[in-house]
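What the coordinates show
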Amino acid sequence: MDAATGMSQSTISRIWPAFALAPHRSQTFELSADPLFIDKVRDVVGLYLDPPEKTLVLCVDEKSQIQAPGRPQPVLPMVPEVPERRSHDHVRAGTTALFAALEVVTGKVIGSLHCRHRAAEFKRFLAKPDKEVPSRPASRCT
C-alpha cells in the first residue's frame, strides 16, 4: 500500500489502527434474491421502529449446527508479501443449536442452547419466552 499511495510504511501502520482499519479481515454479504425482500424488510423494521400499542414484539431466530472448531495448528499472521496462512483442516469439538428471542421494546434477550435441532427443542424454547415475558407488555420507551 505504501508504494501505491506514496506514503511510508510507518505512516500507513499508524493510520490503520487510528481509523480501526483491518484490510486483512474479509467479510462477505449477499442480498436475498426474493422479489418481496424489500417489502419484508420494511415490515420487520417497522415493528422495531414503531411497535403496535399494547403488543409485545419478539424477534425469534435460530442458528443450528454452531460448531466449536479448533485448528490443529495456529493461524500464522500476515507479514509483508505473504498472505495469512492456516491449516486446511480442523478438529470438530461438537455442535449445538441456539434459539433466541429479542424483546424489542426492552432489549431483553431470551436464549437457550440445545444439543439437537428439532421441532421438539424449538417448541420447548418457545415456552421459555412465554414464561419469562409478563402477560402485560412493558411500557414503551420515550
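Summary of the structure given here. Note that the structure is predicted; figures quoted are calculated from it, not measured.

Brief notes about the overall build of the chain
Within the chain, the secondary structure is distributed over 4 helices and 3 strands. Residue burial in the chain is summarised as follows: out of 142 residues, 11% are buried. Of the roughly 11800 Å² of accessible surface on the chain, 57% is carried by carbon and sulfur atoms.

Brief notes about a nonpolar patch on the surface
A contiguous nonpolar patch, built from Val41, Val44, Val45, Tyr48 and Leu49 and spanning about 430 Å² of accessible area, is present on the exposed surface. Relative to the helices and strands, Val45 is located in helix H3 (residues 37-49). Taking the relative accessible area as the measure of exposure, Val45 reaches 37% and is therefore partly exposed.

Some thoughts on the packing of aromatic side chains
Counted according to the given criterion, the structure contains 3 aromatic pairs. With centroids separated by 5.3 Å and ring planes inclined at 50 degrees, the aromatic side chains of Phe99 and Phe122 adopt a geometry described as tilted. Highlighted residues: Phe99 in strand E2 (residues 91-103) and Phe122 in helix H4 (residues 119-132), separated in sequence by 23 residues. Classification of Phe122 as partly exposed rests on a relative accessible area of 27%. Relative to Phe125, the ring of Phe99 lies with its centre 5.7 Å away and its plane at 25 degrees, an arrangement referred to as stacked. Taken together, the positions of Phe99 in strand E2 and Phe125 in helix H4 put the pair 26 residues apart, joining distant regions of the chain. In this pair, the class of Phe99 matches that of Phe125, namely buried. Three or more aromatic residues joined by ring pairs form one cluster here, namely Phe99, Phe122 and Phe125.

Rules and cut-offs
- Residues numbered from 1 in each chain as written.
- Predicted model: local features only at pLDDT ≥ 70, side-chain atom pairs only at ≥ 80, totals over all residues.
- Heavy atoms only, no water.
- Helix = DSSP H or I, 4+ residues; strand = E, 2+ residues; numbered from the N terminus.
- Buried < 20%, exposed > 50% of the residue type's maximum accessible area, 1.4 Å probe, protein only.
- Areas by Shrake-Rupley, 256 points an atom, 1.4 Å probe, with all protein chains shown as cover.
- Patch = residues over 30% accessible without salt bridge, like charges linked within 9 Å, V, L, I, M, F, W, Y side chains within 5 Å.
- Salt bridge = Lys/Arg side-chain N within 4 Å of Asp/Glu carboxyl O.
- Phe/Tyr/Trp six-rings, centres within 6.5 Å; stacked < 30°, edge-to-face > 60°.

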